[in-house]
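Architecture and fold: a report
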Amino acid sequence: MDSKAATERFVCIHGHFYQPPRENPWLEAIERQPSAAPYHDWNERISAECYAPNARARVLDAQGRLVRLLDNYSRISFNFGPTLLTWMERADPETYAAILAADRTSIERSGHGSAIAQAHGHLILPLANLRDKRTQVLWGIADFRRRFRREPEGMWLPETGVDVETLEVLAECGIRFTILAPHQAARVRLKGDKAWREVPGASIDPSRAYSTVLPSGREIALFFYDGPLSRSVAFEGMLHNGDLFAERLAGAFPARAGAKLVHVATDGESYGHHHRHGEMALAATLLRLEERGLARVVSYGEFLALHPPEWQVEIVPDSSWSCAHGIERWRSDCGCNTGGAPGWNQAWRAPLRSALDALRDRLAVSYEREAAELLADPWRARDAYIEVVLDRQPATLERFLAAEARRPLDPAEQVRVRKLLELERQAMAMFTSCGWFFSDLAGIETRQVLLHAGRAIELAEELFGEPFEPAFLDALAVARSNDPAFGDGRAIYLASVRPARVALSAVAAHDAIAALFAGGAERHESPTPPEPEGEEGRIYAFTAVRRTLRRANGGSLKLLLAEADITSEITGESGGFTYAAFAWGDPNVQVGVRPRLGPALSEEEIAEVEEALRLGDPAQVVRWLDRRFPVQHALDALFGDDRERLLERILGATIDEVEAKGRDLFERHAPLMRRLAGAGLALPGALRSAAETAIHADLKHALHNHWSDLAEIRRRLVEVRDWGLSLDREGVRYLLEPAMEELAERLRRDPLDAGAAIRLEGLLDLAGALPFALDHLPAQCALYRLFAERADLLAEMAAADREGAEGLVRLMRLAERLSIRL
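Residues numbered from 1 in each chain as written. Predicted model: local features only at pLDDT ≥ 70, side-chain atom pairs only at ≥ 80, totals over all residues. Heavy atoms only, no water.

This part takes up the confidence of the model for the chain. Summary statistics for the chain give a mean pLDDT of 91 and a share of 96% for residues scoring 70 or more. Predicted confidence is poor over residues 1-6, with pLDDT under 50, and the contacts of this stretch with residues over four places away or in other chains come to seven contacts. This stretch, residues 520-530, has a pLDDT under 50; its non-local contacts, to residues over four places away or in other chains, come to 22 contacts. (pLDDT = per-residue confidence, 0-100. Contact = heavy atoms within 4.5 Å.)

Structure follows, in structure tokens:
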């Protein structure tokens, strides 16, 4: 193909990367999700399977050896949900940094960034009122600007949900283009023509950009992706072969003359999560297109700059990419769903939407009335509040209040303003599209939107002094789950939202238990004196400043008396508490919390409980707590993740004992198991269980103890494999892969680290003995980068002394074992 023809053929691949919000709205943190095990939560799991691999996608030769790492993000078009990036910035900073760097790389190459913005909270914008549309778009732009340090050219609409008013808001806010499904086009015409041509049934030509003229006179460009090609990527196995994908893209160009664009748009999770190793197929596709001159790979912004629209289009209003009935999936029982049992319906969608709409409108009236007393323009302030959401530092809040407040506000008024604005943030979050997308009212996604509604209601009742929850519950009662065990929306709300609420006193109780066990195992025969200064710590979205009054350990009894000031980092609300935390037995915990308003604990009262502790009388300590603290808590006062960590710590000795017994049972009966396996006989269940438990425990211990005998564990793994026993594949992978990555990273920093190299070889031996194959991606990438980035140092090692030469031989041996072509 000649170069001129190639330049007239453009390919753009767009990935919409997004996860539903998963944070507890009170803690502003994701608690453990067992369904994502062995990962902590689904964000972490999908990041490991998709988001991180796309920043370093492997390119293999015909022998399956790694020859190159490709940053897919710098070559495709992509958007990330702002709430997902907020999580990633904190929880996976390396991948987050790679995504931002990819956009800079694409700008250096073409003058246009590969990233586009997304409306902030994944609301179905045609179902939102104009005020919420505008805020969502402005928040999406502000989030993008803060992260990518530039203005966005395009914006992804959640579920590509669109109406004319939404396009007006995009254009008004400076967005140049968006991306829609082909069936969202109604009719087209060449600019200057008067006659329109209908394009029913997704028959629009997707190979060009279009513009639509809005009632305001503004224009915005629209791209309609190739529907059949996009479906083949998402659902029809196109990502099983990069060559096939490239050929399909190259073969999709129309025969007409002039510039032509072939483009697909899918969920970004197709590339690695929905389709294992999809990121490798994508990388191979991008390279095939470029290296064979099949087409020029571009972003939408680049294509639009080269070929502005010559055609106009009118959209199908109230339409989306994932509902054949327009936007009914998010407000009615249209038939679109994700499965469920036979006979299930989605009649719950309409009453859920109605209940939330009514709540939103009622909240808006109260917000506007109350906020007008403190803010010059309540709705302009809400639009600007995203800057505070993105940066909770005091200086940012000060700038915001200086710009938006009617007058200087005292501390109580500042808290009130922050609560008002948080109420509105939650009132938008409760419309996240995922709440309606799936098959049943009791799903975790719908429970999540109810959590946001519950937080908004709590704030409203605090601020306005009137009940909001009863009317909302009555409206929810009309919505019924398909599973009779869950009942109606009211029951689901009461079961999910009420227990999730977190008051400042609950944070104090959490702090009490955490501080009690953080005191260490050292024995204090005499109580510690009061601390002269407070100790400050962070508890999710709260800060705690603690002043210990007494801490005493007496054998199995622990006691902590303290005062604590708890402050919400979100609203600024603060409260002072006195608490007593007591632990005895294995593990019994009781905590008393009371507001620090009345008289402090006297020295006589403290002496009384210290005497009970000295006598080793837990019943007397409990009675003392009951008399002086009206509110009592137990171990479940700890928030989820910390509760698990504490239980692991408290029960560590018990767990070690169980594992030791399992290991001993395995050792004693291993000869019998070998004879049974040699005779082709199945092992009894108890012996199978003992062997599997012992092996997993040994493996876990080995990865935390660098002096463990890996050869002995490998021998046992071989036996497990030969005996047909099973191991927790995901659990073993979750243990081994990070351990290998850590060693490979050590080598990347110090290629002469013989200990790391030898240890990594030992772990590779272990992996080879497993009854299943592991993916060595993290370690493979780290070692590849060593050879790619530090060739000069490796050359020096080859020419240096014996130690350097031996180190290089070790590295080359590891590269061979990790299938890296040098």
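Moving on from the coordinates now.
Turning our attention to the packing of helix α17 (residues 444-464) against helix α19 (residues 489-496). Direction vectors running N to C along α17 and α19 enclose 75°, while the axes themselves pass 10 Å from each other. Between α17 and α19, the crossing angle belongs to the class labelled roughly perpendicular. In this structure, α17 uses Arg447, Leu450, Leu451, Gly454 and Ile457 to contact α19, whose residues at the interface are Ile492, Tyr493 and Ser496. Among the residues making up the contact of α17 with α19, the classes are represented as five nonpolar, two polar and one charged. (Axes fitted to C-alpha atoms, helices over the stretch in contact; angles between N-to-C directions. Helix = DSSP H or I, 4+ residues; strand = E, 2+ residues; numbered from the N terminus. Parallel < 35°, antiparallel > 145°, perpendicular 65-115°, else oblique. Nonpolar A, V, L, I, M, F, W, Y, C, P; charged D, E, K, R; others polar.)

Bringing the sheet that holds strand β18 (residues 574-584) into the picture now. In space, the six strands of this open sheet follow the order β15-β16-β17-β18-β19-β20, with antiparallel pairing throughout. Here the strands that pair on one side only, and so sit at the sheet edges, are β15 (535-539) and β20 (631-633). For this sheet the average axis-to-axis angle between neighbouring strands, irrespective of direction, equals 30°. In the packing of helix α22 (residues 618-628) onto the sheet, the strands contacted are β17 (557-568), β18, β19 (588-595) and β20, and the crossing angle to β18 comes to about 160°. (Pairing = 2+ DSSP bridges.)

On the secondary structure map, serine 106 appears in helix α4 (residues 93-110). A distance of 2.7 Å separates the side chain of serine 106 from the backbone oxygen of aspartate 103, its partner in a polar contact. When near neighbours in sequence (up to four residues on either side) are disregarded, serine 106 contacts Ser74, Gly111, His112, Gly113 and Ser114. (Polar contact = N/O pair within 3.5 Å; in protein donor to acceptor, adjacent residues only side chain to side chain.)

So, about the nonpolar core. Counting residues in each nonpolar core, the largest one holds 170 residues, and the members touching the most others are Ile13, Phe80 and Phe472. Not counting chain neighbours up to four residues away, the residues in contact with isoleucine 13 comprise Ile76, Ser77, Phe245, Leu249, Val264, Tyr271, Leu282 and Leu286. Counting 56 residues, the second-largest nonpolar core is a separate cluster that includes Leu699, Leu736, Ala756 and Leu763. (Core = buried A, V, L, I, M, F, W, Y, C linked by side-chain atoms within 4.5 Å. Buried < 20%, exposed > 50% of the residue type's maximum accessible area, 1.4 Å probe, protein only.)

A few words now on the pairing of strand β12 (residues 260-267). For β12, the buried fraction is high: seven of the eight residues fall into the buried class. In the sheet, strand β1 (residues 9-17) pairs with β12 via eight bridges, with the strands oriented parallel. Across the sheet, residue valine 11 finds its bridge partner in β12, namely valine 262.

This part covers the packing of aromatic side chains. Both the distance between ring centres and the angle between the ring planes are used here to describe each pair of aromatic rings. The tally for this structure, following the rule as stated, stands at 27 aromatic pairs. Judged by centre distance (5.6 Å) and plane angle (90°), the ring pair of phenylalanine 177 and phenylalanine 223 falls under edge-to-face. You can see phenylalanine 177 sitting in strand β7 (residues 177-180) and its partner phenylalanine 223 sitting in strand β11 (residues 219-224), a full 46 residues away along the chain. Each member of the pair, phenylalanine 177 together with phenylalanine 223, is buried. Centroid distance phenylalanine 431 to tryptophan 436: 6.4 Å. Interplanar angle 5°. Geometry classified as stacked. No difference in accessibility class separates phenylalanine 431 from tryptophan 436, as the two residues are buried. An aromatic cluster is defined as three or more aromatic residues linked by ring pairs; in this entry it consists of Phe17, Tyr51, Tyr73, Phe78, Phe80, Phe144 and Phe148. Stacked on the ring of phenylalanine 468, the Lys or Arg arginine 362 has its end atom at 4.0 Å from the ring centre. (Phe/Tyr/Trp six-rings, centres within 6.5 Å; stacked < 30°, edge-to-face > 60°. Lys NZ or Arg CZ within 6 Å of the ring centre and 35° of its normal.)

What follows covers the pattern of salt bridges. According to the stated counting rule, one finds 69 salt bridges in the structure shown. Between glutamate 89 and arginine 146 there is a salt bridge whose closest N-O contact spans 3.2 Å. Of the two residues, glutamate 89 is situated in helix α3 (residues 82-91) and arginine 146 in helix α5 (residues 130-148); the sequence distance between them amounts to 57 residues. The partly exposed category is assigned to arginine 146, whose relative accessible area is 27%. The salt bridge involving arginine 147 is made with glutamate 89; its shortest N-O contact spans 3.1 Å. Of the two residues, arginine 147 is situated in helix α5 and glutamate 89 in helix α3; the sequence distance between them amounts to 58 residues. Under the relative-accessibility criterion, arginine 147 is labelled buried at 4%. A relative accessible area of 30% means that glutamate 89 is categorised as partly exposed. (Salt bridge = Lys/Arg side-chain N within 4 Å of Asp/Glu carboxyl O.)

So, about the state of the cysteines. Within the structure shown, the criterion is met by zero disulfides. In this structure cysteine 334 is not part of a disulfide, and its nearest cysteine sulfur, from cysteine 336, lies 3.8 Å away. (Disulfide = S-S within 2.5 Å.)

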